[in-house]
Amino acid sequence: QAADSKREQFRQYLEKSGVLDMLTKVLVALYEEPEKPDSALDFLKQHLGASAPENPEIEALRLEVAEMKEKYEAVLEENKKLKTKVKVY
């Protein structure tokens, strides 16, 4: 009975977190696919996002963040130099 209780708790956890619903939707999509793919596993991965290609917008934002970090570091360094000059005067 302890094993059944654990299974039930785990099932409730999966249901509450939306995993069961997502799996059901993907499996239904596979079932309704008129031409079944060669690899059902690849179909699942693709539809669950495990092998989804990187969104180009996300990559552009990453590059922008990297540029902003460089600019920020440059501004900090310039600020430090200017503070030193102000102390001299």
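Residues numbered from 1 in each chain as written. Predicted model: local features only at pLDDT ≥ 70, side-chain atom pairs only at ≥ 80, totals over all residues. Heavy atoms only, no water.

Our focus in this paragraph is the overall build of the chain. Scanning the chain from terminus to terminus reveals four helices and zero strands. Ordered by position from N to C terminus, the α and β elements of the chain give α-α-α-α. For the chain, the C-alpha radius of gyration of 26 Å lies well beyond 12 Å, the compact-globule estimate for 89 residues. Counting only C-alpha atoms and orienting by the principal axes, one finds that the chain spans roughly 80 × 40 × 15 Å. Per-residue burial over the chain gives 4% buried out of 89 residues. Entry remark: accessible area of the chain is about 8500 Å², with carbon and sulfur atoms responsible for 58%. Between the centroid of the 15 positive side chains of the chain and the centroid of its 18 negative side chains there is a distance of 12 Å. (Helix = DSSP H or I, 4+ residues; strand = E, 2+ residues; numbered from the N terminus. Rg over C-alpha atoms; globule rule 2.2 N^0.38 Å. Buried < 20%, exposed > 50% of the residue type's maximum accessible area, 1.4 Å probe, protein only. Areas by Shrake-Rupley, 256 points an atom, 1.4 Å probe, with all protein chains shown as cover. Lys, Arg positive; Asp, Glu negative; His and termini not counted. Charge placed at Lys NZ, Arg CZ, Asp CG, Glu CD.)

A few words now on the packing of aromatic side chains. Any two aromatic rings considered together are summarised by their centre-to-centre distance and by the angle between their planes. Under the defined criterion, the tally for this structure stands at one aromatic pair. Above the plane of the ring of Tyr31 lies Lys36, whose end atom (NZ or CZ) is 5.9 Å from the centre. (Phe/Tyr/Trp six-rings, centres within 6.5 Å; stacked < 30°, edge-to-face > 60°. Lys NZ or Arg CZ within 6 Å of the ring centre and 35° of its normal.)

The feature "coiled-coil region" (unreviewed entry), as annotated in UniProt, sits at residues 58-85 in this numbering. Taken end to end, residues 58-85 comprises 100% helix and 0% strand; its first and last C-alpha atoms sit 41 Å apart. (UniProt positions renumbered as here; feature names shortened; annotations may be inferred.)

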